[in-house]
Structures are given as C-alpha cells and as structure tokens.
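Residue-level listing of the chains:
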Amino acid sequence: MPDYAITFACYNQVDYTRQCVDSLVRHGYDLGRVVAVDNASRDDTRGYLESLPLGGRIYNRDNLGCGVAWNQGVLALQSEWTVVMNNDVVVSAGWLESLIGAAGKRGLKVISPALVEGALDYDFEGFSVDASSRMRDVAREGARHAVCLCVHRSVWADVGYFQAMPRLWGFEDTLFFHALDQAGIETAIVGDSWLHHFGSVTVSAMKQERKLSAKEGLGARDNYRMLGKSTLRRKWDRFARRRQEQAWREQELAAHGMTLHGERRDGAFSWR
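Anyway, here's the lowdown on the structure attached to this text. Please read these numbers as outputs of a predicted model, since none were measured by experiment.

**Digging into the pairing of strand β10 (residues 261–265)**
Among the five residues in β10, four count as buried, and that is most of the element. Pairing of strand β6 (residues 110–117) with β10 involves three bridges; the strand directions are parallel. The residue bridging E117 from the neighbouring strand is E263, located in β10. Examined bridge by bridge, β10 and strand β11 (residues 268–271) share four bridges and lie antiparallel to one another. From the neighbouring strand, G262 faces β11, where its bridge partner is W271. Between β10 and the antiparallel strand that follows it, β11, lie two residues; D266 among them carries a positive phi value of about 55°.

**Focus on the nonpolar core**
The biggest cluster of nonpolar side chains holds 37 residues, and the ones touching the most others in it are I6, L24, M85, W95 and L96. At six residues, helix α4 (residues 95–106) tops the list of elements feeding residues into this core. In this structure, A69, L77, V155 and L180 belong to the second largest nonpolar core, which totals 20 residues.

**Notes on the side chain of E252**
Within the fold, E252 resides in helix α9 (residues 231–256). Residue classification places E252 among the buried residues on the basis of a relative accessible area of 4%. Beyond its immediate sequence surroundings of up to four residues, E252 is in contact with M135, V138, R140, G257, M258, T259 and L260.

**Some thoughts on the environment of R264**
Within the fold, R264 resides in strand β10. Classification of R264 as buried rests on a relative accessible area of 14%. C-alpha of R264 to C-alpha of E117: the two residues are 147 residues apart in sequence and 6.3 Å apart in space. With residues near it in sequence (within four places) discarded, R264 still touches V116, E117, A119, D121, Y122 and F269. A distance of 2.8 Å separates the side chain of R264 from the backbone oxygen of G267, its partner in a polar contact.

Reading the values: rules and limits
Residues numbered from 1 in each chain as written. Predicted model: local features only at pLDDT ≥ 70, side-chain atom pairs only at ≥ 80, totals over all residues. Heavy atoms only, no water. Buried < 20%, exposed > 50% of the residue type's maximum accessible area, 1.4 Å probe, protein only. Helix = DSSP H or I, 4+ residues; strand = E, 2+ residues; numbered from the N terminus. Pairing = 2+ DSSP bridges. Core = buried A, V, L, I, M, F, W, Y, C linked by side-chain atoms within 4.5 Å. Contact = heavy atoms within 4.5 Å. Polar contact = N/O pair within 3.5 Å; in protein donor to acceptor, adjacent residues only side chain to side chain.

Printed below as a string of structure tokens:
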C-alpha cells in the first residue's frame, strides 16, 4: 500500500461521518492514517471521534471553514499522498489503491474518483466492482472535484495549500483548482475508483443556518475577484466547462452506457 493519509472536516452530521468511517473500516483501511478535523460541531461528532483510533483529531473552537480545516488535516499527518475528502461519502473496495495506481499510470499529481451522488438506495458494493471494471480506462482529463482529491506531496510545494480564510465558505476548492491550472499541474477524474456521495450535506446544513437558498453560494460574490478574471472570462470558462462536460457525457454513454458522474433519481441512475 502506498504511503497515504486521509483527512476530512466535520461540522455536525455525525451520522454521515459514521457511515464514511464504517466504509473505511469495512474495506480494511487503517484509521491510524485518518485525521478528522471538527469545526465546532454541536451534535455528537466529537464524542464519536473520541471513540475511534484515529491518527489525529483536531477540534476547532469555531467553524473555521473548509480551507483551514483541510490544511490542518494535511499538515497533521504528512504523507506521499493525501486524500482530502468530504465526510458524507462511502468508499468502495480498493478505491484508494486504484486511485493512486491510476495517478501513477497517467503521470498525475492530483486525481479524483468517479462518483454516484444522492440516496444510497442501491447495492453500491456490487455497482462499484462492475463500474470500476467497465470504466477502468476512462478519464476526464483536466477535471477534478473537491468531494475527493488525492494530492501528491510535491503539489503543496508547487502551489501551496488551501486558502485559509473562513469567509471564503466553500470557495477554497475553486481557488486551489485555479492555482493548479496556473502552475500547469494536470488533473483527472478516473473510472478506476468510485465513491458514493450523499450530496454535500454539510454545506447544505450551513446554508440553512445562514438562511441561504439552495442556489446561493456560501461565499461572497467578490471572492471571484481573487481569480483575477473578468466577468466575461468567467462566463466563457463556465460555458467551455459545460460544453466539455456534455461532450464527456455523450462519449462515455455511447461507449459504456454510463458515465463517471451518476445521480440517483427516483430509484434509478441518471448520468451526467
């Protein structure tokens, strides 16, 4: 097994954290390689984390946001490869070995697994075995997502860590991805490895607390100024990204009958 560490941030939602940890244990991953960062949860999250033989626990007095928490976790257990992921995911058998193996095969330093999002109302274990086999050679080059990032240690030296400003509220991943692009660091989402993602439940809870609609972002609009892009350039980039995602979807469906990004809707798969 490669030298690795896993870190995730928590803010309430202990039931999802428990499902995530249970899936890691079920598939033989050492909790001594896991660092959990709690951002001032008010439920039983801290009590639950205390019951686990984790490699590290960090308890923040206030909710410091994702960027701070991710950096704390990354630095607490420094490894060749660090997985920064949500706490509302369920992992599959061999997902991490397959992810790091795909990175080595493709010469990548940052890589993300394929996803199914939504209700866990299907046999994910059986699905992931079949999907990994069918989609093993499929990659969306240039894509990545903050649900799960596997990052080589050289990247921290090349672009630094996540922006550590609590006011960003969910914009940290966009800034980090921009830094990767500026540095010419290639990324990909690959079909070798699969996760189930319940759907950003922590972010949704934080939006409810701040009385924001589902479509509103947590961060202020002026966060986009940090990218150094004009409004027109941002709109063009968004258009180009959506066009590329549509092309990937069409190609993958035509070749494999599925894609690297699934959703569960009304008890069935919908492919994005």
